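Residue-level structure breakdown
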Amino acid sequence: MATYSTLDELAAVAVDGWQELAERSSAHRDVDGDLLQSLANGDAPSVEADVLAEGQAAIARLETLLEQVSRYADSYLNQRYRDLIPLAQEHYQNTGLPNAVATIALGRLYGAGRTDELKALVAQAESYLRDLSKGVASLNYSEPSTPDEPGRMTVKARPSAFNWRGY
């Protein structure tokens, strides 16, 4: 499945980057940020087999987390962008959606051990998702406007509040 944020963007919102992700996603003492970053880049580091397996499992956990948070974001986006879900990258590129997804994922990675600062950042990210659903913020998409068939135009107007009889 497609995610709205990458592992690099998740590492960018973490204070200590890849090292912080390694500490939160793996209990193995030899899995560090450099190993995770090289695995995420598709490199084959020369480490012991158990360390490599644990590093790959940590990457899989982080990718699963980003997929879950992207589906969570879809629950907000469904209000306005129902026909586009899951979104193509061209629709959310250069918007705040990847950062919001990465921030919420980092908050979920910390679980109950979140600091007040991280809680505030997660609240801002969720507020951004609410703004997207309300139309206060938008993505890189505008609905195509198709005119009615010729001769089939419909006009809707509110009734006038002006009292013509008393004029």
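Residues numbered from 1 in each chain as written. Predicted model: local features only at pLDDT ≥ 70, side-chain atom pairs only at ≥ 80, totals over all residues. Heavy atoms only, no water.

**Digging into the packing of aromatic side chains**
- This structure, assessed with the given rule, holds two aromatic pairs.
- A centroid spacing of 5.1 Å and a plane angle of 65° characterise the contact between Tyr4 and Tyr92, whose relative ring orientation is edge-to-face. Note that Tyr4 is positioned in the segment before helix 1 (7–13) and Tyr92 in helix 5 (residues 89–92), a separation of 88 residues in sequence.
- For Tyr4, a relative accessible area of 1% puts it in the buried group.
- Relative accessible area serves as the criterion here: at 9%, Tyr92 is assigned to the buried category.
- On the numbers, 5.5 Å between centres and 85° between planes, the contact of Tyr72 with Tyr76 is edge-to-face. Placement of the pair is Tyr72 and Tyr76 together in helix 4 (residues 49–77), with a separation of four residues, close to one helical turn.
- On the basis of relative accessible area, Tyr72 is assigned to the partly exposed category, the value being 22%.
- On the basis of relative accessibility, which here comes to 17%, the residue Tyr76 falls in the buried class.
- One Lys or Arg, Arg71, reaches over the ring of Tyr4 and ends 5.6 Å from the middle of that ring.
- Over the aromatic face of Tyr72 sits the side chain of Arg108, whose NZ or CZ is 4.9 Å from the ring centroid. (Phe/Tyr/Trp six-rings, centres within 6.5 Å; stacked < 30°, edge-to-face > 60°. Helix = DSSP H or I, 4+ residues; strand = E, 2+ residues; numbered from the N terminus. Buried < 20%, exposed > 50% of the residue type's maximum accessible area, 1.4 Å probe, protein only. Lys NZ or Arg CZ within 6 Å of the ring centre and 35° of its normal.)

**Describing helix 2 (residues 18–25)**
- Taken together, the buried positions of helix 2 are Trp18, Glu20, Leu21, Ala22 and Ser25.
- Lining the buried residues of helix 2 we find helix 1, helix 3 (33–40), helix 4 and helix 6 (97–110). (Contact = heavy atoms within 4.5 Å.)

**A word on the packing of helix 2 against helix 4**
- Running from N to C, helix 2 and helix 4 cross one another at 95°; their axes reach a closest spacing of 10 Å. The orientation of helix 2 with respect to helix 4, classified from their angle, is roughly perpendicular. Contacts between helix 2 and helix 4 pair Trp18, Leu21 and Ser25 from the former with Ala58, Ile59, Arg61 and Leu62 from the latter.
- Per-class residue counts for the contact of helix 2 with helix 4 are five nonpolar, one polar and one charged. (Axes fitted to C-alpha atoms, helices over the stretch in contact; angles between N-to-C directions. Parallel < 35°, antiparallel > 145°, perpendicular 65-115°, else oblique. Nonpolar A, V, L, I, M, F, W, Y, C, P; charged D, E, K, R; others polar.)

**Some remarks on the packing of helix 4 against helix 7 (residues 116–134)**
- At a minimum axis distance of 8 Å, the contact between helix 4 and helix 7 shows a crossing angle of 40°. Every residue of helix 7 that contacts helix 4 at Tyr72, Ala73, Tyr76 and Leu77 is listed here: Glu126, Leu129, Arg130, Leu132 and Ser133.
- By residue class, the composition of the contact of helix 4 with helix 7 is six nonpolar, one polar and two charged.

**Description of the environment of Gly107**
- Looking at the secondary structure, you find Gly107 in helix 6.
- Sequence spacing of Gly107 and Leu121 is 14 residues, and the spatial spacing of their C-alpha atoms is 8.5 Å.
- Apart from residues lying up to four places away in sequence, Gly107 is in contact with Arg114, Leu118 and Val122.

**Some words on the side chain of Ser133**
- Among the secondary structure elements, Ser133 is positioned in helix 7.
- Here the side chain of Ser133 touches Arg130 through a polar contact of 2.8 Å, landing on its backbone oxygen.
- Ignoring sequence-local partners within four residues, the contact set of Ser133 consists of Tyr76, Gln79 and Arg80. (Polar contact = N/O pair within 3.5 Å; in protein donor to acceptor, adjacent residues only side chain to side chain.)

Read these as spatial facts, not as claims about activity.
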